[in-house]
Amino acid sequence: MRGNGLWAQLRRPPGGRDARIMLLAQGVDRTGSGVWAAASVLYFTYVCGMDAGRLGLLLGVGAVAGIVGSPLAGRAAERLPVRGLLIGCHLLRVATMGLLLVVDHFAALLLSVALTCLAERGAKTLEMLFATRIAGERRATYQALFRSVANGGYAVGTGFAAIGLAVGSTTAYRALIVANALSYLLAAMLIRRTAEPAGRGLVAAVPSPAQEFAAGGGPAAVPSPWRDRGYLLFVLLDLPMCLDDSVLNVGLPLWLIHHTGAPHAVVPAFLTVNTVLVVVLQLRVSAWAENPRGATTAVGWYGVTLLASCGLIALSTGGGPLTASLALLAAAALVTLAELMRSVSSWELAVSLAPPRAKASYLGVAGMSQSVQKSAGPMLLTGVVMAAGPAGWLALGAASTGLAAVQRRASLRRLAALEASAGAAAGASASAVVG
């Protein structure tokens with residue numbers, strides 16, 4: 001990464017050929033997802049004829065299914081090959097997209113959306129597991145490349161969707177669904193060309209003697225993330241740390257429309273600022289989190305950056321249209337910077353804080369953070385933060401800064417404990433070999 005541009009890194013990513021194919025597959029997948037994200041609400045409203053109540057139920061059920069998808073995928077990856085599971089998730093999404101084309105009953109649509117969201121979150125967790133294996137210690141660099149590719153794919157996808165939405169016919173909407181399904185199929189075909197990382201579904205490489213023996217000298221039991229209070233604390237603290245996504249996509253647009261005099265034409269610029277900054281800065285920011293200690297530092301800066309962004313949002317109500325527009329655009333830039341730091345630090349810590357013998361199931365639990373945020377984040381912003389006015393934004397920023405500090409300290413303590421445990425296990429292993 002050092003001294004190399006984005007294109008050079010994409011040609012020679014951490015993990016070599018398999019990583020290059022996986023990044024291409026992820027770019028294709030996110031292009032199709034961008035098409036569907038831009039068209040889905042309008043499709044269900046105008047083509048399927050849903051009212052706001054049914055549409056809300058549909059999206060809510062999908063969000064809940066997404067929450068379940070991450071731990072299920074992590075658990076399955078402890079027993080089955082990650083590559084095969086990932087291909088299966090993509091093919092399931094092909095089938096559910098095809099189901100949308102042939103059914104119009106609400107129950108069937110509900111099932112289709114739920115399975116789509118389940119497979120989508122499962123696929124994202126499995127991609128994370130796959131990348132952690134093939135990229136190894138350079139997983140932060142891989143994550144940076146993935147986010148650049150993903151944002152580019154979403155941008156291309158929304159551009160394609162804009163063409164279909166401009167036509168506005170039922171045929172055009174169905175063509176967008178077909179395009180999305182084809183993207184999943186192509187992604188599955190690309191992943192089929194990769195090799196399954198050594199160790200089947202296990203994220204950790206073949207365990208070393210230090211990992212094979214517990215302190216008592218016997219084989220180490222595989223722990224459960226649901227009984228690990230320290231890791232569950234990390235996941236719990238990570239939930240509000242994902243709110244930058246809702247701030248950018250929900251909070252900023254609604255605040256501009258209802259609480260400032262800024263022109264509505266500024267709203268699309270938020271996404272433009274986000275896309276450009278992710279492509280330009282993701283690799284540089286990922287350098288801060290190339291190791292667990294660096295990731296904890298990035299967590300601290302995340303809170304400060306989000307606080308500054310919330311301060312600008314609160315101040316945007318006090319000026320004219322130009323002042324409000326500049327303040328909100330600057331806030332969008334700071335939210336994006338916070339997002340960049342959170343994306344690499346959350347992944348690095350989720351991997352580093354998990355025990356070596358059960359990383360797949362642990363990462364599956366960690367993957368729930370994004371799904372829960374997508375479900376609860378918009379309601380928190382609209383029902384609590386924005387309802388309180390500028391003071392609500394300041395409170396959100398202050399709370400995020402405090403929670404980031406707590407997560408940083410908790411992560412440092414757990415890292416120290418894991419290092420001590422690894423040292424003890426190494427000593428026990430050496431004693432067993434000598435004996």
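These numbers were taken from a predicted model, which means no experiment stands behind them. (Residues numbered from 1 in each chain as written. Predicted model: local features only at pLDDT ≥ 70, side-chain atom pairs only at ≥ 80, totals over all residues. Heavy atoms only, no water.)

1. Description of the overall build of the protein
Phase 1 of the analysis: The number of helices and strands found in the protein is 16 helices and zero strands.
Phase 2 of the analysis: Within the protein, buried positions represent 49% of all 435 residues.
Phase 3 of the analysis: Sequence separation of 24 or more characterises 86% of the internal contacts of the protein that already satisfy a separation of 6 or more. (Helix = DSSP H or I, 4+ residues; strand = E, 2+ residues; numbered from the N terminus. Buried < 20%, exposed > 50% of the residue type's maximum accessible area, 1.4 Å probe, protein only. Contact = heavy atoms within 4.5 Å.)

2. Some words on the nonpolar core
Phase 1 of the analysis: Formed by 85 residues in total, the largest nonpolar core has its most connected members in Tyr142, Tyr231 and Trp393.
Phase 2 of the analysis: Here the element with the most residues in this core is helix 13 (residues 321-352); it accounts for 13 residues.
Phase 3 of the analysis: Ignoring sequence-local partners within four residues, the contact set of Tyr142 consists of Pro14, Ala19, Met22, Leu23, Gln26, Ala131, Ile134, Ala135 and Trp347.
Phase 4 of the analysis: Membership of the second largest hydrophobic core comes to 15 residues, among which are Phe44, Met50, Leu58 and Ala181. (Core = buried A, V, L, I, M, F, W, Y, C linked by side-chain atoms within 4.5 Å.)

3. Notes on the packing of aromatic side chains
Phase 1 of the analysis: Tallied over the entire structure, the rule returns eight aromatic pairs.
Phase 2 of the analysis: With 5.7 Å between their ring centres and 55° between their planes, Tyr231 and Phe234 make a pair best called tilted. Remark: Phe234 and Tyr231 occur in helix 9 (residues 229-238); sequence separation between them is three residues, near one turn of the helix.
Phase 3 of the analysis: Overall, the relative accessible area of 0% leaves Tyr231 in the buried class.
Phase 4 of the analysis: An angle of 85° between the planes, with centres 5.9 Å apart, marks the rings of Trp255 and Trp393 as edge-to-face. On the criterion of sequence distance, the pair formed by Trp255 in helix 10 (residues 244-259) and Trp393 in helix 16 (residues 390-434) is long-range, its members being 138 residues apart. (Phe/Tyr/Trp six-rings, centres within 6.5 Å; stacked < 30°, edge-to-face > 60°.)

4. Points about the packing of helix 6 (residues 139-167) against helix 13
Between two packed helices, the angle of one axis relative to the other and the distance separating the axes together describe the packing.
Phase 1 of the analysis: As a packed pair, helix 6 and helix 13 sit with axes 10 Å apart at the nearest point and diverge in direction by 140°. The orientation of helix 6 with respect to helix 13, classified from their angle, is oblique. Pair helix 6 / helix 13 crosses with right-handed handedness. When helix 6 is examined against helix 13, the residues Arg139, Ala140, Tyr142, Gln143 and Arg147 are found in contact with a partner set consisting of Glu339, Leu340, Ser343, Val344, Trp347, Glu348, Val351 and Ser352.
Phase 2 of the analysis: Broken down by class, the residue content of the contact of helix 6 with helix 13 amounts to six nonpolar, three polar and four charged. (Axes fitted to C-alpha atoms, helices over the stretch in contact; angles between N-to-C directions. Parallel < 35°, antiparallel > 145°, perpendicular 65-115°, else oblique. Left-handed = near helix turned anticlockwise from the far one by under 90°. Nonpolar A, V, L, I, M, F, W, Y, C, P; charged D, E, K, R; others polar.)

5. Section: helix 11 (residues 267-286)
Along an α-helix, residues three or four apart share an orientation, since each turn contains 3.6 residues.
Phase 1 of the analysis: Over its 20 residues, helix 11 runs 28 Å from end to end, which matches the ideal 28 Å to within 8%, given 1.5 Å per residue.
Phase 2 of the analysis: At Val280, helix 11 is deflected by roughly 45°, the largest bend along its length.
Phase 3 of the analysis: Considered for burial, the residues of helix 11 that qualify are Phe270, Asn274, Thr275, Val278, Gln282, Leu283, Val285 and Ser286. (Expected span 1.5 Å × (residues − 1). Bend = angle between axes of the 7 residues up to and from the residue.)

6. Topic: the pattern of salt bridges
Phase 1 of the analysis: Scanning the model with the defined rule gives eight salt bridges in all.
Phase 2 of the analysis: Among the ionic pairs, Glu127 bridges to Arg30, the shortest N-O distance being 2.8 Å. Of this pair, Glu127 sits in helix 5 (residues 106-135) while Arg30 is found in helix 2 (residues 16-47), placing the two residues 97 residues apart along the sequence. Per residue, the accessibility class of Glu127 equals that of Arg30, and both read buried.
Phase 3 of the analysis: Measuring nitrogen to oxygen at the nearest pair gives 3.4 Å for the salt bridge that ties Lys124 to Glu120. Residue Lys124 and its partner Glu120 are located together in helix 5, separated by four residues, close to a single helical turn.
Phase 4 of the analysis: With a relative accessible area of 22%, Glu120 lands in the partly exposed category.
Phase 5 of the analysis: The structure contains a network of salt bridges with shared partners spanning Asp29, Arg30, Arg93 and Glu127. (Salt bridge = Lys/Arg side-chain N within 4 Å of Asp/Glu carboxyl O.)

7. Focus on the environment of Thr194
Phase 1 of the analysis: In this fold, Thr194 is placed in the loop between helix 7 (170-191) and helix 8 (209-212).
Phase 2 of the analysis: Separated by 176 residues in sequence, Thr194 and Asp18 have C-alpha atoms that sit 5.2 Å apart.
Phase 3 of the analysis: Within polar-contact distance, the side chain of Thr194 engages the backbone oxygen of Ile191 at 2.6 Å. (Polar contact = N/O pair within 3.5 Å; in protein donor to acceptor, adjacent residues only side chain to side chain.)

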